[in-house]
Amino acid sequence: MAKPVVLIAEELSPATVGALGPDFDVRQVDGTDRVALLSALPGAKALLVRSATMVDKEAIAAGSDLVVIARAGVGLDNVDIKAATAAGIMVVNAPTSIVISAAELAIGHLLSLARFIPDANASTKAGQWKRSKFTGVEFFDKTVGIVGLGRIGALVAERLSGFGVNLIAYDPFVAPARAQQLGVQMVKLDVLMESSDFITIHIPKTPETTGLIGAAQFAKAKPTLRIVNASRGGIIDEAALFDALSSQQIAAAGLDVFVNEPPTDSPLLALDNIQLTPHLGASTDEAQEKAGVSVAKSVRLALDGELVPDAVNVAGGAIDETVRPGLPLMEKLGQVFAGLASNAIAAIDVEVRGEIAQFDVSVLKLAALKGIFSAISSEHVSYVNAPLLAEQRGVAVRLVTETVSDEHRNLLTIRGTLVDGSQISVAGTLTGQRQAQKIVSINEFDVEVPMAQHLIVMVYTDRPGIVAVYGREFGAANVNIAGMQIARQQRGGNALSILTVDSRVDDAVLAKVASEIDASVMKAIEVLEL
C-alpha cells in the first residue's frame, strides 16, 4: 500500500522530518513557486508550510486530497482557514513553540532600553566614544509592571525575579494565589502605570485591549518610564505613544509589533527614544525547530484519525458524531462565561446532561476551557494547553455528567465560582435538525436566545419602563437590537435582559445605560468562532 504523501513547501528542520517518521512519502516543493505548488498538491494528504507559502482557495482546491494543513509557527495569516474548513481540511499550528523566545525578546528590549545598547552600538560603530551620553539605569530595586500574566507574562516574571526587581502585574483574569506563586503583586492598571519604572505587555489584542494604554494612562506614568510591547500591535495607542515620547512625558519605548507591519509610514520611526524590531518574537532557531516538530506530530495524529489538540478550525479525531456538534457551542458558552466574570475564576464545573452524556464527553470540558481562556488569555489556546492554563491560574475544574435532562434533550452548562465568592453560570443547547445553538440560562435566569456574536447582558431591579429607557439609549447610539429577552425570578426582584445586537457597543454607551437603569450587571460580550 502506498504511503500517504506529506508535502513540505518550505525549509523545515531535519528534526521535523524525523518527527514525521518513516510512515509517509515526504516530498519537497518550493511553496513560493505558485505553479510548482499547485502541481504538487494533488494526491497530498498533508501540507506543511511556514509563512511564505500562500494557502488560499486555489491551493486548497488543488489539494483535493488534503486532510491537514500545518503551519510551523503561530500565525495563520497565509492560510485561508474558512476555505479549508469548508473543504473539510484540518488546520493546525504550533501555539506553544514561541513562548520562551517571546519572553526572552521582551526582556532583551527592557535591558536595551535601560542601557541604551542599540544606540551605543551604532555610535561606537560610527567611530564615536560617548560614554556619558549613554548613562543608563539599573534594573535592581526598580518596579516592573507586567500587563498580562498568562504563560508568556509568567515566564517574564520568573526570569525578572533574579534581577531583584519589584514585580507588579495587571490581569483581571488571574487569581491572586497564582500571582503570589510567581512573586507578583496584582494591581489595577492605573496603579501599575503610576508605579512602574518599566512595563512589558503580554496580552491578546481584542476589542477590549485595543488602545488599552493611551494618553490617559501615559499621563499617570513616571517621566522615567520605559515601556515594551512585544505582544500585539495596537494595544499601545501609537499616536499617544508618539506624543508621550516626543514630549518626554515618558523616557523610552521598545516595540516589536505594530498596528501596520511593516510600519513604513509611522512617525515613531523618527524618534530617538524608541527602539524597534521587526516582529522577532518567534525568530529563534529553537522556536522554529519546536514549531516544526510540533506540527509534524499533529500531522501524524490527523492522518491516523486521532484527536488533534492544536487544530484551530476542527477538533478532529475520535469524537463520537453525537458529541461533535456540542464542541462549538461549548466553546462559545465558555466565551460568554468569561464575559460574565467580573473577577478571577477560582473553580469551574462543566456539566453535560441528557442523552449525549452516555458517550465520552471529556472533550467538551476541553472545549469549555478553550472558550474561556481564549477570551482572557494572552496566548493561543487549544485543547492541549487549556487545562494547563487552568492549572497555572489555580482554577479547579470538574466534569459533571448526567444522562437525564428535564427540560432539554441535551443541556451544556458552565458553572463557576470567582475568587470573591460570587457565582456565575451559562447554559446552552442545540435545537432542531440544523442543531441551532441557543443560550437557555444565564446565572439561573431562564432564557432562550440564539447564540450571536454581540450580546449585552443586564441585571437590574424589575420595574416598569426599563425597556423603553435602554431601547431609547441604544437607538440614540445607533445600536440595532436584533433580539431581546427578559427573565425574572419573582415580581419586583432582579430581572435579566439579554440582547443580541448587530455591532459592538461603545463602553461609554454601556456606562450611560447602566446608570440610567441602575444596573447591577452590565456586560457586553463578543462571541467569536475559535
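Since the model is a prediction, treat every value here as computed from it, not as a measurement. Counting restarts for each chain: residues are numbered from 1 in the order of the written sequence. Per-residue local features of the predicted model are confined to residues with pLDDT of at least 70, and side-chain atom pairs are confined, for both listing and counting, to 80 or more; whole-chain, interface and lining totals are unaffected and use all residues. As a convention, hydrogens and water are excluded, and side-chain values are obtained from all of the structure's heavy atoms.

### Focus on a nonpolar patch on the surface
Here the term patch refers to residues with relative accessible area over 30% and no salt bridge, with like charges joined within 9 Å and nonpolar side chains (Val, Leu, Ile, Met, Phe, Trp, Tyr) within 5 Å. Computed with the Shrake-Rupley method and a 1.4 Å probe, the accessible areas treat only the protein chains shown as cover for residues. When a carboxyl oxygen of Asp or Glu is within 4 Å of a side-chain nitrogen of Lys or Arg, the pair counts as a salt bridge. Among the surface-exposed residues, V467, M484 and I486 lie close enough to one another that they form a single nonpolar patch of about 230 Å² accessible area. Numbering of helices and strands starts at the N terminus; helices are DSSP runs of H or I of at least 4 residues and strands are runs of E of at least 2. Relative to the helices and strands, I486 is located in strand β20 (residues 481-488).

### Topic: a negative patch on the surface
Just so you know, the count uses Lys and Arg for positive and Asp and Glu for negative, and it drops His and the chain ends. In this description, the location of a charge corresponds to atom NZ of lysine, CZ of arginine, CG of aspartate or CD of glutamate. Together, E104, D285, E286 and E289 give the surface a local cluster of negative charge. Turning to its location among the elements, E289 is positioned in helix α12 (residues 285-303). Note on E289: relative accessible area 39%, which makes it partly exposed. Under the scheme applied here, a residue whose accessible area is under 20% of the maximum for its type counts as buried, over 50% as exposed, and between as partly exposed, the area being computed with a 1.4 Å probe on protein chains only.

### Some words on the pattern of salt bridges
The tally for this structure, following the rule as stated, stands at 16 salt bridges. A salt bridge links R415 to E351; the shortest N-O distance between them is 2.9 Å. Remark: E351 occurs in strand β13 (residues 345-354) and R415 occurs in strand β15 (residues 410-418); sequence separation between them is 64 residues. Accessibility expressed as a relative area gives 28% for R415, which makes it partly exposed. Note that K438 and E448 form a salt bridge whose closest N and O atoms lie 3.0 Å from each other. Here E448 lies in strand β18 (residues 445-450) and K438 lies in strand β17 (residues 436-442), a separation of 10 residues in the sequence. Its relative accessible area of 45% is what places E448 among the partly exposed residues. Taken together, the shared-partner salt bridges in this structure form one network comprising E351, R353, R415 and E444.

### Details of the sheet that holds β20
Strand pairing within a sheet occurs via backbone hydrogen bonds; the two strands may be parallel or antiparallel. At least two DSSP bridges between two strands are required for those strands to pair. Taken together, 4 strands build an open sheet; the order of strands is β20-β21-β19-β22 and the sheet is antiparallel. In this open sheet, the two edge strands, each paired with only one partner strand, are β20 and β22 (521-526). Averaged over all pairs of adjacent strands, the angle between their axes in this sheet comes to 15 degrees, without regard to strand direction. Each of β19 (454-461), β20 and β21 (494-501) is contacted by helix α16 (residues 466-476), which is oriented at about 140 degrees to β19, the strand it contacts most. Contacts are residue-level and defined by heavy atoms, with any inter-residue pair within 4.5 Å sufficient. Axes here mean lines fitted to C-alpha atoms, for a helix over just the part in contact, with angles spanning 0 to 180 degrees between N-to-C directions. Along the sheet, helix α17 (residues 507-517) contacts β19 and β22; its crossing angle with β22, the most-contacted strand, is approximately 150 degrees.

### Considering the sheet that holds strand β7 (residues 166-170)
With parallel pairing, the 7 strands of this open sheet are ordered in space as β8-β7-β6-β9-β10-β11-β12. Across the chains shown, the open sheet's two edge strands, defined by having one partner strand only, are β8 (185-186) and β12 (274-276). Bridging between strand β9 (residues 198-201) and strand β10 (residues 226-229) involves 4 bridges; their strand directions are parallel. Across the sheet, I199 pairs through a bridge with I227, a residue of β10. Running at roughly 165 degrees to strand β6 (residues 143-147), helix α7 (residues 151-160) makes contact with β6, β7 and β9 of the sheet.

### Regarding the packing of aromatic side chains
Two numbers describe a pair of aromatic rings. These are the distance of the centres and the angle of the planes. Stacked, edge-to-face and tilted are the three classes for Phe, Tyr and Trp ring pairs, Trp counted by its six-membered ring, which pair at centre distances within 6.5 Å; planes under 30 degrees apart are stacked, over 60 edge-to-face, the rest tilted. Tallied over the full model, the rule gives 4 aromatic pairs. Pairing F139 with F163 gives two aromatic rings, centres 5.2 Å apart and planes at 70 degrees, and the pair type is edge-to-face. Residue F139 is found in the loop between α6 (117-125) and β6, and its partner F163 is found in the loop between α7 and β7; the two are separated by 24 residues along the sequence. You can call F139 buried: its relative accessible area is 6%. Seen in terms of ring centroids, Y470 and F474 are 6.3 Å apart; in terms of plane orientation they differ by 55 degrees. Their pairing is tilted. Taken together, the residues span about one helical turn, with Y470 and F474 both in helix α16 at a distance of 4 residues. Across this residue pair, the class does not change: Y470 and F474 are buried.

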